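What follows is the residue order along each chain.
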Amino acid sequence: MYDVIVVGARVAGASTALLFARAGYRVLLVDRARFPSDTLSTHYIHQPGIARLARWGVLDAVKATGCPALERTVYQVADVRLDGCSLPADGQRAAYAPRRQLLDQILVDAAVEAGAEFRDGCSVSGPVIEDGRVVGVNCRSAQGTPVQERAHLVVGADGMRSPFAKAVGAEYTVQDPLLSCIHYTYWQGVQADFELYERPGRWVGAVPTNDGATLIAAYHPQSDFDRVRGDALATYLENIRTTAPSLHERLAGAEQVERLRGTGDQQNFFRRASGPGWALVGDAAHHKDSITARGISDAFLQTDLLVESVGDGLHDPARLAAGLSRYADLHQEELYEGYQHTLIVARLEVAPERLEMLRAIQQSPELTAHYYAAAAGGMPVDELYDHELFQQLTAA
């Protein structure tokens, strides 16, 4: 019998297995995919997420992949251009955007080194429930052998459409409509920082990643998805040309090195994050539009919240129940502000009052750093609004 079984071994699941294993628990980590492998992602990890990687001792492995440090962010909308970098988070000033076949494997390897058992190619058919409590999972090994494994706690980290969440009856506590759709691909020969460009109804982002490649993503309103995918590459390039002309110019002579990927299913929700014998982390518990690139950093935050809430009480049913309840309460409380900010951005509306705010911020490198820190989840938005210089500039 295991202490913890984690279903899903991407960033949320692998980091959860890592921290529980380091806490001395016997952990089984399973994923239906074979590793290493890629997954749909914009890769960017904000400074708070990087600080967690450093604290967990795996940041050096990320750096060793050759992934570039991103210490400059450019955000341009209308006549506003914010050029700077977030305030450091626990001493980490740079962001990174590693490819997922690298990052996910690094976290899995760290979990295994900490004592977790990992089974890839292992599909979970559903939880084992006894007397209303999850006590394990039914799964099928990579060889096709049916297996039942039992644990004190089962963690669902199996993504936005989480079969585990559905099976345990984790209802939505917050749910909002789809807002934007995304298409992206990778380019060689493009010099870029972390760059964001916005105009009404359009958004473009550039994210340098491994092997000298730059991910360039183009966003449209969700209502345009069927039209966009009818000629996705041409529409993608036209969005870049009209929204980010300077970036489009840099594509001249550059090489598209992978196929165009896209999705019109960027759901926005919170699910109930725990129940008897189970918890959810990552996209299974909370998903939002990718436009603010908060997914990976927020997955790491959830991992920390869950493992800290359970603490050393996993073998005491009453303490475990209290810890899981505490996790569910903290989960939405800690993530809701970033969720609301993402919904505002994903509507792709350039509101006059937001432009006025950004015009004030661009006058000060200090405020720019605070703005990027708030966008990264490194500080509450109210701290930016309460900043003395912001108050002076907006009152002028």
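Source: prediction; values computed, not measured.

Conventions adopted
Residues numbered from 1 in each chain as written. Predicted model: local features only at pLDDT ≥ 70, side-chain atom pairs only at ≥ 80, totals over all residues. Heavy atoms only, no water. Axes fitted to C-alpha atoms, helices over the stretch in contact; angles between N-to-C directions. Helix = DSSP H or I, 4+ residues; strand = E, 2+ residues; numbered from the N terminus. Parallel < 35°, antiparallel > 145°, perpendicular 65-115°, else oblique. Left-handed = near helix turned anticlockwise from the far one by under 90°. Contact = heavy atoms within 4.5 Å. Phe/Tyr/Trp six-rings, centres within 6.5 Å; stacked < 30°, edge-to-face > 60°. Buried < 20%, exposed > 50% of the residue type's maximum accessible area, 1.4 Å probe, protein only. Lys NZ or Arg CZ within 6 Å of the ring centre and 35° of its normal. Patch = residues over 30% accessible without salt bridge, like charges linked within 9 Å, V, L, I, M, F, W, Y side chains within 5 Å. Areas by Shrake-Rupley, 256 points an atom, 1.4 Å probe, with all protein chains shown as cover. Salt bridge = Lys/Arg side-chain N within 4 Å of Asp/Glu carboxyl O. Lys, Arg positive; Asp, Glu negative; His and termini not counted. Charge placed at Lys NZ, Arg CZ, Asp CG, Glu CD.

*Asks:* Give a detailed account of the packing of helix 1 (residues 11–22) against helix 4 (residues 100–113), specifying residues and quantitative values.
*Replies:* At a closest axis distance of 8 Å, the pairing of helix 1 and helix 4 adopts a crossing angle of 20°. By the angle between their axes, helix 1 is roughly parallel relative to helix 4. Between helix 1 and helix 4 lies a crossing whose hand is left-handed. Across from Val11, Ala14, Ala17, Leu18 and Ala21 in helix 1, the residues of helix 4 making contact are Arg100, Leu103, Asp104, Leu107, Val108, Ala110 and Ala111.

*Asks:* An account of the packing of aromatic side chains is needed here, citing residue identities and associated values.
*Replies:* Overall, the coordinates contain 13 aromatic pairs when judged by the stated rule. Ring geometry for Trp56 and Phe300: centres 5.2 Å apart, planes at 75°, overall edge-to-face. With Trp56 in the loop between helix 2 (47–55) and helix 3 (59–64) and Phe300 in helix 9 (residues 295–310), the pair connects residues that are 244 residues apart, well separated along the chain. The exposure classification of Trp56 matches that of Phe300, with both residues buried. A connected cluster of aromatic rings, assembled from ring pairs, spans Tyr75, Trp203, Tyr371 and Tyr372. Lying across the ring of Tyr2, Arg26 places its NZ or CZ 4.1 Å from the centre. Seen from the ring of Tyr186, Arg99 lies directly overhead, with NZ or CZ sitting 3.9 Å from the centre.

*Asks:* Account for a negative patch on the surface, naming residues and giving values.
*Replies:* Negative charge collects at one region of the surface, where Glu337, Asp382, Glu383 and Asp386 lie side by side. Mapped onto the fold, Asp386 is located in the loop between helix 13 (381–385) and helix 14 (388–395). Overall, the relative accessible area of 57% leaves Asp386 in the exposed class.

*Asks:* Tell me about helix 11 (residues 352–361), and please be specific about residues and values.
*Replies:* Of all the residues in helix 11, the buried ones are Arg354, Leu355, Met357, Leu358, Ala360 and Ile361. Where the residues of helix 11 are buried, they touch strand 3 (73–77), strand 4 (80–84), strand 11 (194–199), helix 12 (365–376), helix 13 and helix 14.

*Asks:* I'd like to hear about the environment of Ala299, residue by residue, with values.
*Replies:* You can see Ala299 is positioned in helix 9. For Ala299, a relative accessible area of 4% gives the class buried. Between the alpha carbons of Ala299 and Ala12 there is a distance of 5.2 Å; along the sequence they are 287 residues apart. Discounting residues that sit within four places of it in the chain, Ala299 has contacts with Val11, Ala12 and Gly282.

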